[in-house]
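Structure assessment
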Amino acid sequence: MWVAPPLKGGSNKIMGSDALIYSVLIYGLVNGAVIMLTSLGFSLTFGLSGVANLAHGGIYLLSGCLAWILLNTLGLPFLPAAVITMVLAGLLGAGVYWLVLQRVRGLALSEMIVTFTIGIGILEFLRWAGFVTYDFNLPVIIKGSLTIAGVIVDYQRLLVIGVGVLIAVLLWFFSHHTKIGLALRGMAQDEYTALSVGIDSDWAAALSMALGHMIVAMAAIMILPLGLISINVGYDVLTMVLAVTILGGLESTAGLTLASLILGYATAATGMYLNPQWTQVVYLAAIVLVLALRPSGLLGKFKELEERV
Amino acid sequence: MLEVKELMVFYENALAVNNLSLEVKEGEFVGIFGSNSAGKSTLMNTIAGLTLHLKYREERRGGERITILGRLKFDGEDITHLKPVDRVQKGIVLCRERHPIFRDNTVQENLQLGGYLRKEHEVKESIAFVFELFPSLKRRRNQKAGMLSGGEQEMLAIGLVLAARPRLLLMDEPLLGLSPVMQQELVRALKRLSQEKLTIFLAEQYARPIMPLIDRGYVIENGTLIVSGSGKELVDNPEVRSAYFGM
């Protein structure tokens, strides 16, 4: 996995129950930020266009591979490589909409099948292309670490927290206080009313796909340096994103944040007291439990209720 | 201003609008009346370009076959194949039936969205006019639109399209489902818009409150034009009066 929760006797040299608790508290927050940053692109695209982009894991890994190629094969410096990766991911998102999704627009199941197939196709293509060994990793942006309450936390993880919060705030501002953001939200609510006042729904959906992909690419560039670029990461990311959006409630930014923190702490505790291999079980259990007990998610709501008011 | 020539619209083999020709001149208030399934909404959606949008979408995904025949002209220009966005740009704006608004946005945000294609100072002017026309919206400008009453939602729906600064305002059953008091309020607003020389083309099932406002009217049934004339001529026609105007 891209996040390595602290293990007993591991590199963090944690001793005693207090240190274990501190470790869970700190790494829960780190994991939460990682989960939030990874999921923001999915949430944005779904919130603004209604498309559940199940190609998310594939795009995440593809972005990592693109960045690796730009850095290592073409020898570009980090910043241009990151920007080019994000732009390419954005163009891919818009292209997927115009070439494929536009044709099945409004058919939720078809949209999911299409994006899921694209995601799997990308991951298996990368496997075929040879991104399966342990040779591929991205450089950290800031090297070094600091110790908080006896727990070693590297700067890259702290950077992920900062970037995650910053992106979430910027997205909220964009969607609530800019003309284009308002238009995208309007289109997501009622396409034909949006069309009636001159908002081009296809343009808006393509833009939301592009923005979603760009954020996924940024997440990959920020988070993949914490681990290896491997095909399994793509599949893990898809499961994680589904868990966090279902737990938080689709379209709810506050729900996404809350769910990220809950899953962050759950995975940190699981990694600490059981085994990191169990984190996937945490995600899957969250999906099943939430769908069984509160299908709208923790902070999501069904529209029908509002319409009856 | 608007010319509809021999318009026919099919949903698969069902004929929704049948060889309809009509016109709306600049500054006129024209009504089109008919019962349920008469083809009023299809006509309005076709003029606004929404039927064309739906047709293309259905074609892309292999869905329902929609056929649009005939010609639509606006200011002498053929707009039959123009996208909805381009029609709004030209000033053709539709207020669809059942108070279409953006429920998760505030009243103020809705009005700003209405002016999406307009310049900032134009949007400000339009919003000021809407608040003057419907003072209750001003009091609720920061309230979520989905929490407004049905009547206020219809006011907001009209405000939303007014913010788009229409030259031709299309309205599809604005009185549908409103209380008599709220109907009176909307009729007052429509009268004001008419006095401002805004060109209005309004479809309504319950024609009685609208009749005093219109310059001319059409009655359609099963997508076919039955009768047309001035408001007075329509009211004076006993068959039309009893069948459509509840008089």
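This is a predicted model, so every value here is computed, not measured.

**Observations regarding a nonpolar patch on the surface**
Residues and elements named next belong to chain A.
- Taken together, the side chains of Ile 21, Tyr 22, Leu 25, Leu 29, Leu 261, Tyr 265, Tyr 273, Leu 274, Trp 278 and Val 281 make up a nonpolar region of the molecular surface, amounting to roughly 950 Å² of accessible area.
- Elements with a contribution of two residues or more to the nonpolar patch: α1 (16–49) and α10 (253–273).
- The element that contributes the greatest number of residues to the nonpolar patch is α1, accounting for four residues.
- Note on placement: Tyr 273 falls in helix α10.

**Re the pattern of salt bridges**
- Counted by the stated rule, this structure contains 22 salt bridges over all chains.
- In this structure, Arg 127 of chain A engages Glu 124 of chain A in a salt bridge whose closest nitrogen and oxygen atoms are separated by 2.9 Å. With a gap of three residues between them, Arg 127 of chain A and Glu 124 of chain A both fall in helix α4 (residues 108–129), about one helical turn apart.
- Taking relative accessible area as the criterion, Arg 127 of chain A reaches 36% and is therefore assigned partly exposed.
- Overall, Glu 124 of chain A belongs to the partly exposed group, its relative accessible area being 32%.
- Taking the shortest distance from any N to any O, the salt bridge between Arg 57 of chain B and Glu 191 of chain A comes out at 2.8 Å. Within this pair, whereas Arg 57 of chain B is found in helix α2 (residues 50–60), its partner Glu 191 of chain A is found in helix α7 (residues 191–196), the two belonging to separate chains.
- Of the residues examined, Arg 57 of chain B reaches a relative accessible area of 5% and is grouped as buried.
- One salt-bridge network, in which partners are shared between bridges, spans Glu 191 and Asp 202 of chain A together with Arg 57 and Arg 60 of chain B.

**Description of the interface of chain A and chain B**
- Every contact between the two is made by 32 residues of chain A and, on the other side, 31 residues of chain B.
- Across the chain A to chain B interface the summed buried area is about 2900 Å²; carbon plus sulfur atoms make up 52%.
- Counting across the interface, chain A meets chain B through five salt bridges.
- At the boundary of chain A and chain B, one finds nine residue pairs in polar contact (both at pLDDT 80 or more).
- Put simply, the parts of the chain that give the side of chain A that touches chain B at least two residues each are α6 (179–189), α7, α8 (201–223) and α12 (303–308) of chain A.
- Tallied by class, the residues present in the side of chain A that touches chain B amount to 11 nonpolar, nine polar and 12 charged.

**Some points on the domain arrangement of chain B**
Residue and element names in this part refer to chain B.
- Taken as a whole, chain B is organised into domain 1 (2–91 + 166–244) and domain 2 (103–163).
- A straight line from the C-alpha centre of domain 1 to that of domain 2 covers 23 Å.
- If you look at the interface, domain 1 gives 18 residues, while domain 2 gives 13 residues.
- Across the domain 1/domain 2 interface, buried area totals approximately 1300 Å², and carbon plus sulfur atoms make up 71% of it.
- Its largest share of buried area at the contact with domain 2, domain 1 owes to Leu 186, Arg 192 and Leu 193, together 29% of the area lost on that side.

**Thoughts on the pairing of strand β1 (residues 145–148) of chain A**
All names here are of chain A.
- Pairing analysis gives four bridges linking β1 to strand β2 (residues 151–154), with the strands arranged antiparallel. Note on β2: the bridge partner recorded for Ile 148 is Val 151.
- Remark: two residues form the turn of the hairpin made by β1 and β2, two consecutive strands paired antiparallel; Ala 149 in that turn has positive phi of roughly 50°.

**Points about the sheet that holds strand β8 (residues 199–204) of chain B**
Residues and elements named next belong to chain B.
- Spatial ordering of the open sheet is given by β6-β7-β8-β3-β9-β10, a layout of six strands whose pairing is mixed. Because the sheet does not close on itself, it has two edges, and the strands there are β6 (92–95) and β10 (224–230). On average, adjacent strands in this sheet sit at an angle of 15° to one another, irrespective of strand direction.
- Two strands pair when backbone bridges link them, and β6 and strand β7 (residues 168–172) are joined in this way by four bridges, in the parallel orientation. Bridged to Cys 95 within β7 is Met 171.
- Contacting β3 (29–33), β6, β7, β8 and β9 (216–221), helix α1 (residues 40–48) runs over the sheet at an angle of about 150° to β8.

What counts and what doesn't
- Residues numbered from 1 in each chain as written.
- Chains lettered and ligands numbered in written order.
- Predicted model: local features only at pLDDT ≥ 70, side-chain atom pairs only at ≥ 80, totals over all residues.
- Heavy atoms only, no water.
- Patch = residues over 30% accessible without salt bridge, like charges linked within 9 Å, V, L, I, M, F, W, Y side chains within 5 Å.
- Areas by Shrake-Rupley, 256 points an atom, 1.4 Å probe, with all protein chains shown as cover.
- Salt bridge = Lys/Arg side-chain N within 4 Å of Asp/Glu carboxyl O.
- Helix = DSSP H or I, 4+ residues; strand = E, 2+ residues; numbered from the N terminus.
- Buried < 20%, exposed > 50% of the residue type's maximum accessible area, 1.4 Å probe, protein only.
- Contact = heavy atoms within 4.5 Å.
- Buried area = accessible area lost by both parts, 1.4 Å probe.
- Polar contact = N/O pair within 3.5 Å; in protein donor to acceptor, adjacent residues only side chain to side chain.
- Nonpolar A, V, L, I, M, F, W, Y, C, P; charged D, E, K, R; others polar.
- Domains from an automatic or database assignment.
- Pairing = 2+ DSSP bridges.
- Axes fitted to C-alpha atoms, helices over the stretch in contact; angles between N-to-C directions.

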